[in-house]
2 protein chains.
Amino acid sequence: METPLDQLIKRLSRLPGLGPRSARRAALHLLKNKQTMMLPLAQEMADVAHSVKTCVTCGNLDLTDECHICHDPKRDLTRLCIIEDVADLWAMERAGVFSGSYHVLGGTLSALEGRGPAELGIDRLLSRIQNSEITEVILATSATVDGQTTAHYIAEKLSNSEVSITRLAHGLPVGGELNFLDEGTLAQAMRARSKL
Amino acid sequence: METPLDQLIKRLSRLPGLGPRSARRAALHLLKNKQTMMLPLAQEMADVAHSVKTCVTCGNLDLTDECHICHDPKRDLTRLCIIEDVADLWAMERAGVFSGSYHVLGGTLSALEGRGPAELGIDRLLSRIQNSEITEVILATSATVDGQTTAHYIAEKLSNSEVSITRLAHGLPVGGELNFLDEGTLAQAMRARSKL
């Protein structure tokens, strides 16, 4: 017979980063801290599930229909950064290197997983770019095959428009050691070398 | 300003095995699966927090005041296994090698953390052993300094009683490679070697 505790552990183990073993540990930690962890966490999860919305403009997750980035008058509306996922948007914001607006695709084109331009809402993205003051589109999809295919597809669709299209630089990660780097990155870093 | 989402991520990151990065990933996974993950998980957590109790006899966590192990007429009541934590009890049950009953100490003696015999309820344990049909006490505390100190303390307290006191064998873990093993374990394994 499966107890509620077993069910809880099972569901926790389906979270990314947790397996059966760490889910048990997490469940036990929650049980030992009912008042300070378990009940507040349950409450916060229910609250967030009910209050967080997807931004109608960029696809970010926030408490308002239009997210705080799209709503911020200080953001540069001439630059649009296209990313795959909300996690990528968060990463960009943590780095604090971009002051424009975003567009979350929600994934990449993938023949294998049956995601085409319609699923990613490419038409909606193109009309967003056309009906705006955007002058630069930064393609910041992952450096994977699917990510680059998606970037190329969008670049082609925009080739007739006036906007300038850029992509993130490829090369050595900061703090990365050469001998741990894959050949692809090394080749890119060599090709795009700059004068000191 | 800290949003409810930030709060949720912060609390998730306090779970054992999760850090800030994986907490964000988990939160995003929950948000993307509101109906199948986030809301059920919130509900299950609240349910379990309200329904799970600590067994009055052994200290196990279960849905009944006396846990299903203490309640099981098929368990051997002459053997008592003393462990530090509920997680250890779960591990023993998963291994399925013990059919007696348990006693969860809830930690070890620790001068550093200010846990003495009173905090672990050693008196309650001793009176439980005296007023029972227990003939063997298995000290299954961790092979750490604190764990072994606790085991020795309990063994000393029981030295005048009739029960036989045993401890788990120390040695090579199954599948363990000799060159990855610490010297202490290796020494124990050599000392306790057995004839083939």
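Residues numbered from 1 in each chain as written. Chains lettered and ligands numbered in written order. Predicted model: local features only at pLDDT ≥ 70, side-chain atom pairs only at ≥ 80, totals over all residues. Heavy atoms only, no water.

Focus: helix α6 (residues 122-130) of chain A
Residues and elements named next belong to chain A. Along α6, the residues classified as buried are I122, L125, L126, R128 and I129. Projected onto a plane normal to the axis of α6, the buried residues spread over an arc of 160° and lie on a single side. Exposed and oriented more than 90 degrees from the buried face of α6 are D123 and Q130. Check the buried side of α6 and you find it contacts β3 (76-83), β4 (100-104), α5 (117-120), β5 (136-139) and α7 (145-157). (Buried < 20%, exposed > 50% of the residue type's maximum accessible area, 1.4 Å probe, protein only. Helix = DSSP H or I, 4+ residues; strand = E, 2+ residues; numbered from the N terminus. Arc of directions from axis to C-beta. Contact = heavy atoms within 4.5 Å.)

Things to note about the interface of chain A and chain B
Facing 43 residues of chain A, the contacting portion of chain B comprises 43 residues. Summed over both partners, the interface of chain A with chain B comes to about 4400 Å²; 74% of that surface belongs to carbon and sulfur atoms. Across the chain A-chain B interface, the total number found is 4 salt bridges. D85(A) serves as the salt-bridge partner of K32(B), at 2.6 Å between the closest nitrogen and oxygen. Looking at the side of chain A that touches chain B, the elements that each hand over two or more residues are α1 (4-12), α2 (20-32), α3 (34-51) and α4 (86-95) of chain A. (Buried area = accessible area lost by both parts, 1.4 Å probe. Salt bridge = Lys/Arg side-chain N within 4 Å of Asp/Glu carboxyl O.)

What to know about a nonpolar patch on the surface
Together, L172(A), L178(A) and L186(A) make up an exposed nonpolar region whose accessible area comes to about 250 Å². By the secondary structure assignment, L186(A) is in helix α8 (residues 183-191). (Patch = residues over 30% accessible without salt bridge, like charges linked within 9 Å, V, L, I, M, F, W, Y side chains within 5 Å. Areas by Shrake-Rupley, 256 points an atom, 1.4 Å probe, with all protein chains shown as cover.)

Description of the nonpolar core
Residues L12(A), M45(A), L12(B) and M45(B) are the most contacted members of the largest nonpolar core, which totals 76 residues. Ignoring sequence-local partners within four residues, the contact set of L12(A) consists of L18(A), A23(A), A26(A), A27(A), L30(A), L41(B) and M45(B). (Core = buried A, V, L, I, M, F, W, Y, C linked by side-chain atoms within 4.5 Å.)

What to know about the packing of aromatic side chains
All names here are of chain A. All told, the structure shown has 2 aromatic pairs over all chains when counted by the stated rule. Taking the centre distance of 5.3 Å and the plane angle of 65° together, the rings of F98 and Y102 count as edge-to-face. Judged by relative accessible area, which is 11%, F98 ranks as buried. (Phe/Tyr/Trp six-rings, centres within 6.5 Å; stacked < 30°, edge-to-face > 60°.)

Looking at the relation of the copies chain A and chain B
For the match of chain A to chain B, the screw axis carries a shift of 0.0 Å, the RMSD comes to 0.1 Å, and the turn is 180°. Between the two chains, the operation in question is that of a two-fold axis. Residues of chain A ranked by C-alpha distance from the rotation axis are headed by A42(A), positioned 2.1 Å from it. Comparing interface residues between copies, 100% of those in chain A also lie at the interface in chain B; the contact surface is shared. (Least-squares fit on C-alpha atoms with pLDDT ≥ 70 in both.)

Some remarks on helix α2 (residues 20-32) of chain B
Given 3.6 residues to a turn, an α-helix orients residues that are three or four positions apart in the same direction. Its 13 residues give α2(B) an end-to-end C-alpha distance of 18 Å, which sits within 8% of 18 Å, the value for a rise of 1.5 Å per residue. For α2(B), the complete set of buried residues consists of S22(B), A23(B), R24(B), A26(B), A27(B), L28(B), L30(B) and L31(B). Residues of α2(B) that are buried make contact with α3, β2 (61-62) and α4 of chain A together with α1 (4-12) and α3 (34-51) of chain B. (Expected span 1.5 Å × (residues − 1).)

What to know about the sheet that holds β5(A)
All names here are of chain A. One open sheet accounts for 4 strands, arranged β4-β3-β5-β6; its pairing is parallel. Each end of this open sheet is capped by a strand with a single partner; those strands are β4 and β6 (164-167). Strand-to-strand twist in this sheet, taken as the mean axis angle between neighbours without regard to direction, amounts to 25°. Contacting β3 and β4, α4 crosses the sheet at an angle of about 160° to β4. (Pairing = 2+ DSSP bridges. Axes fitted to C-alpha atoms, helices over the stretch in contact; angles between N-to-C directions.)

Observations concerning the domain arrangement of chain A
How large an interface is tends to be reported as the accessible area lost when its parts come together. As far as domains go, chain A holds domain 1 (4-51) and domain 2 (73-167). Spacing between the C-alpha centres of domain 1 of chain A and domain 2 of chain A amounts to 34 Å. (Domains from an automatic or database assignment.)

Section: the pairing of strand β6 (residues 164-167) of chain B
Residues and elements named next belong to chain B. In this structure, strand β5 (residues 136-139) lies alongside β6, joined through 4 bridges in parallel fashion. If you follow E136 over to β6, its bridge partner there is S164. Regarding the hand of the β-α-β motif, the stretch spanning β5, helix α8 (residues 145-157) and β6 is right-handed. (Right-handed = clockwise from strand over helix to strand, strands pointing away.)

Considering the pattern of salt bridges
Applying the stated rule across the entire model yields 14 salt bridges over all chains. In this structure, E44(A) engages R11(B) in a salt bridge whose closest nitrogen and oxygen atoms are separated by 3.0 Å. Here E44(A), found in helix α3, pairs with R11(B), found in helix α1, and the two come from separate chains. Where R75(B) meets E93(B), a salt bridge forms, and the shortest distance between an N and an O atom there is 2.9 Å. Of this pair, R75(B) sits in the loop between α4 (68-71) and β3 (76-83) while E93(B) sits in helix α5 (residues 86-95); the two residues are 18 residues apart in sequence, bridging distant segments of the chain. The exposure class of E93(B) is partly exposed, given its relative accessible area of 27%.

Describing the confidence of the model for chain A
Per-chain confidence: chain A averages 90 in pLDDT, with 99% of residues scoring 70 or above. For this predicted complex, the interface confidence comes out at an ipTM of 0.77, alongside a pTM of 0.77. (pLDDT = per-residue confidence, 0-100.)

Here's the deal with the environment of G147(A)
Residues and elements named next belong to chain A. Mapped onto the secondary structure, G147 falls in helix α7. Using a relative accessible area of 0% as the deciding quantity, one classes G147 as buried. Put simply, G147 and S127 are 20 residues apart on the chain and 21 Å apart in space, counted from C-alpha to C-alpha. Aside from chain neighbours lying at most four places away, what touches G147 is E84, T108, T141 and S142.

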